[in-house]
Amino acid sequence: MQNHSDISTRVEQLLNKMTLEEKLGQLMQLAANDPKSLELLETYHVGSYLHVSPKVAEHLQLRAAKTRLGIPLIFGSDAIHGHCFENNTVVFPTQLAMACTWNKNLVRKMGEITAYEMRQCLLHWAFSPVLCVARDPRWGRCGETFGEDAWLCGELAAELMLGLQGDGSQEYVEPNHVLACAKHFVAYGEAIGARDAYEAGVTKRRLLETFLPPFEKLIKTHKLASLMVAYQAIDGVACSASSWLLNDICRDEWGFEGIVLTDWNNIGALHTIQNRASSYKEASKIGFESGNDVFMATPEAFEKTLELVTEGALDEGIIHRSAYRVLYRKFALGLFDQEAKLTEGWQDKLGAPDSWHYSLQASRQSLVLLKNTADLLPLDKCATNNILLVGPNADDVFAQLGDWSFGSKQALHTKDTLHKADTVNLKTALSLHCEAQALGFRYIKGADCIDSNFDEIALAREAAKSSDLIIACVGDTLDQHGEFHDRSDLTLSGKQQALLEAMKASGKTLIVVLLCSKPHAIPWVKDNADAVICAFNPGPKGGQAIKELVFGEISPEGRLPISFPYSTGQLPVYYNKYKGWHAFHSPQTEGQERYIDAPEAPLFAFGEGLSYTTIEYSELKLKNAALPHGQDLEFTVDIKNTGLRAGVEVVQVYLHDVYSSVTTPEKNLKAFERVELDASESKTILFTLPFDCLSLVNEALERVVEPGEFELMVGASSKDEDLLKVSFEVS
Ligand code: GLC
């Protein structure tokens, strides 16, 4: 296996042979789905393409091999929840759904399977994990994140990165692993009004305290191979023009040695959108001097940068250093040491049954039971004879698979492949079940997510008369979320709400399955459904998993990684909020921090989720009620399964710095443990938190732990009523 000096020597030797044009070409990443970009390979000495199909990848590598130095190409792809842009691959539930599992091992497994299948398709660079924090669900890209808590996002992203990259060594990426690319750097989800790529109003202090630490963790502890720079500006400075972010923080403070890749045409946008540069030439100078190594989809920069270096307006050393980073990764991937050809029977290696097993596991564990009146679920087999299924998302593969998958706008070369063969929707799963159990079954779509004129409510109302149970599968579909698709209204679209009310009016038992990409404002559903199941884009096996949950073949294990708002206007409702809203002065709000026309609490809270058993917490005990400065925080809590079925509990640990020099959230998640308990089983769970988890970033932008009182909270969700509390002092 090569070591660092071996690779470094090989890179330097190659660089010494390269012309300025050839070095600069390594810093251009172009889109393979644009024919003009493919023509530029030889003239611009292109080093990388994205969105490449296996056959095109093979063809492009052959062309690259015939160039003067035969430098192989590196191919990137948005493999966000599996390598979804190829036929016969394993698609997983989306990141937000994976976050509902709170299962680190499963997230890492998704990374491993994604990487393996990418390499079979001659791809080497996964534009994943997404480290964005989704604190406003109006944003189109919520489903792509691990939710609203930055710390949890960092924990799960680290697992996904390790699954993608392997053991995280810099010098050698195993043949079944790829480069990870953490994105989007940074605070892309903080755009004002949750408007995609719009100005983000975050301060440097909040960046240092909340949004940068997850990236720092992946870089410092796990050897992240690359990161992708966000589109937006922060406090007036475009991320791709921020030398503070890319040079001072990333390189100088964190010692990052990987590749800094821009998002799509960030450099062009400095000129055409953010008006930071008066020309592509000025934008190219700013882009390289600010610390971007590779420009995605800005071919204009090639000739402009050549001019800059030739005129002495840009130091050639910057180009040399960035080309070094790209070539280093190409050597580490072994691209110079193996012929880039599709192996015999490469397609047979995709979609292995064992891999699909993990996707099904993820679908099952991603489901969150939010309401279960009178323990309606799991359904008693004898109590149901005729099931009516309604709702558009019981039979919509686009809704079920979510963004960056087969139906997506980006999957141009596989748009025709909806992976139908592997997708089991709720309609199919339920009809097969009812057939096997000799139960009556009927499906009526009833309403459409997009088409407000679509109306089969009368038909559904008629069918309800002869049914004794109604399951309604509603939510959103692909055209309502993803990049460029933010929403101003999070209520159910089309005639879905009217359909639900008609079903309720039938007087029959009503189970609502919310199959969607993000939290919706559904107070009526919470009040009127007998049971509510949240299924964020649950993946190809999602329909099967939901059926299994309804009939008790599996138990619900999911917990929300993101809050549901009572109304769109109630946003933001993320759990780790600050105090100080004057609303508590108003007699109308009874001393609560809330709008006069909305409750204080979200509709469903971060960390919330029911199971088919009951778990009791007791005996929260600190090792030290007076914690010496610098010492780890150790404590235990007892949990007991007081129900009749085995279950999984996600024990959540929150901290609150009671008095601090800057405002701090009322609680912040700092640890969690996924615990399996048999009926009547008790366990004592030990936690040891590093002292640093008590820290904040003060006004002087220093990360410190301030002495004084802290509160430790442990329980089943972020809701106060679910938490045991104990105070302690830091000396
Ligand atoms: C997109 C996205 C980014 C993606 C890139 C390449 O616009 O912002 O997440 O990796 O372009 O598809």
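Since the structure is predicted, the reported quantities are computational estimates derived from the model, not experimental observations.

Draft legend 1. Molecular detail of the sheet that holds strand 19 (residues 633-641). The antiparallel open sheet is built from three strands, whose spatial order is 17-19-22. Single-partner strands in this sheet number two, and they are strand 17 (615-622) and strand 22 (682-689). When the angles between neighbouring strand axes are averaged without regard to direction, this sheet yields 20°. As judged from the eight bridges shared by strand 19 and strand 22, these two strands associate in the antiparallel manner. Pairing of Thr-636 across the sheet is with Leu-686, part of strand 22.

Draft legend 2. Representation of helix 13 (residues 300-310). What helix 13 keeps buried is the set Ala-301, Phe-302, Thr-305, Leu-306, Leu-308 and Val-309. Each buried residue of helix 13 lies within a common arc of 160° when the element is viewed along its axis, so the set occupies one face. Those residues of helix 13 that are buried lie in contact with helix 2 (20-25), strand 1 (28-31), helix 3 (35-43), helix 12 (280-290), strand 10 (295-296) and helix 14 (316-332). Among the residues trailing helix 13, Gly-312 stands out with phi positive, at a value near 80°.

Draft legend 3. A look at the pairing of strand 11 (residues 368-372). Of all the five residues making up strand 11, five are buried; the element is thus mostly covered by neighbouring parts of the structure. Pairing analysis gives four bridges linking strand 11 to strand 16 (residues 531-536), with the strands arranged antiparallel. Looking across to strand 16, one finds that Leu-369 is bridged to Ile-533.

Draft legend 4. Fine view of the site of the ligand. Taken together, 14 residues lie around the ligand, and Asp-78, His-184, Tyr-231, Asp-263 and Glu-483 are the ones closest in. One of the side-chain nitrogen or oxygen atoms of Glu-483 is found 2.8 Å away from an oxygen atom of the ligand. Notes on the ligand: free accessible area 310 Å², of which the protein chains cover 96%. A per-class count over the shell around the ligand returns seven nonpolar, two polar and five charged.

Draft legend 5. How the structure looks around unusual backbone geometry. The omega torsion across Lys-183 and His-184 is -5°, close enough to zero to call that bond cis. Within the secondary structure, His-184 sits in strand 5 (residues 179-185). A cis amide bond links Phe-185 with the next residue in sequence, Val-186, at an omega value of 10°. Mapped onto the secondary structure, Val-186 falls in the loop between strand 5 and helix 8 (204-211). Phi angles above zero are rare outside glycine, and His-51 is one such case at about 60°.

Draft legend 6. Here's a closer look at helix 6 (residues 104-120). An ideal rise of 1.5 Å per residue puts 24 Å on 17 residues; helix 6 measures up with 25 Å between its terminal C-alpha atoms. Regarding helix 6, the residues found buried are Leu-106, Val-107, Met-110, Gly-111, Ile-113, Thr-114, Ala-115, Glu-117, Met-118, Arg-119 and Gln-120. Where helix 6 is buried, its residues contact strand 3 (74-77), helix 5 (95-101), strand 4 (125-126), helix 7 (150-165) and helix 15 (353-366). Where helix 6 begins, the capping side chain belongs to Asn-103, and its oxygen is found 3.1 Å from the backbone nitrogen of Asn-105. Just downstream of helix 6 lies Leu-122, where phi reads positive at about 65°.

Draft legend 7. Focus on the pattern of salt bridges. Within the structure shown, the criterion is met by 38 salt bridges. Lys-183 is the salt-bridge partner of Asp-78, the closest N and O atoms lying 2.9 Å from each other. Note that Asp-78 is positioned in the loop between strand 3 and helix 5 and Lys-183 in strand 5, a separation of 105 residues in sequence. An identical accessibility class is assigned to Asp-78 and Lys-183; each is buried. Glu-307 is paired through a salt bridge with Lys-281; the nearest N and O atoms lie 3.2 Å apart. In this pair, Glu-307 sits in helix 13 while Lys-281 sits in helix 12, placing the two residues 26 residues apart along the sequence. Residue Glu-307 is classed as partly exposed on the basis of its relative accessible area of 31%.

Draft legend 8. Representation of the domain arrangement of the chain in the model. One can read the domain layout of the chain as domain 1 (4-346), domain 2 (368-556) and domain 3 (615-730). Taking the mean C-alpha position of each, domain 1 and domain 2 sit 36 Å from one another. Between domain 1 and domain 2, the contact holds 33 residues from the first and 30 residues from the second. Summing the contributions of domain 1 and of domain 2, the shared interface buries around 2,400 Å²; its carbon and sulfur component is 60%.

Reading the values: the criteria
- Residues numbered from 1 in each chain as written.
- Predicted model: local features only at pLDDT ≥ 70, side-chain atom pairs only at ≥ 80, totals over all residues.
- Heavy atoms only, no water.
- Pairing = 2+ DSSP bridges.
- Helix = DSSP H or I, 4+ residues; strand = E, 2+ residues; numbered from the N terminus.
- Axes fitted to C-alpha atoms, helices over the stretch in contact; angles between N-to-C directions.
- Buried < 20%, exposed > 50% of the residue type's maximum accessible area, 1.4 Å probe, protein only.
- Arc of directions from axis to C-beta.
- Contact = heavy atoms within 4.5 Å.
- Near = heavy atom within 4 Å.
- Polar contact = N/O pair within 3.5 Å; in protein donor to acceptor, adjacent residues only side chain to side chain.
- Areas by Shrake-Rupley, 256 points an atom, 1.4 Å probe, with all protein chains shown as cover.
- Nonpolar A, V, L, I, M, F, W, Y, C, P; charged D, E, K, R; others polar.
- Expected span 1.5 Å × (residues − 1).
- Salt bridge = Lys/Arg side-chain N within 4 Å of Asp/Glu carboxyl O.
- Domains from an automatic or database assignment.
- Buried area = accessible area lost by both parts, 1.4 Å probe.

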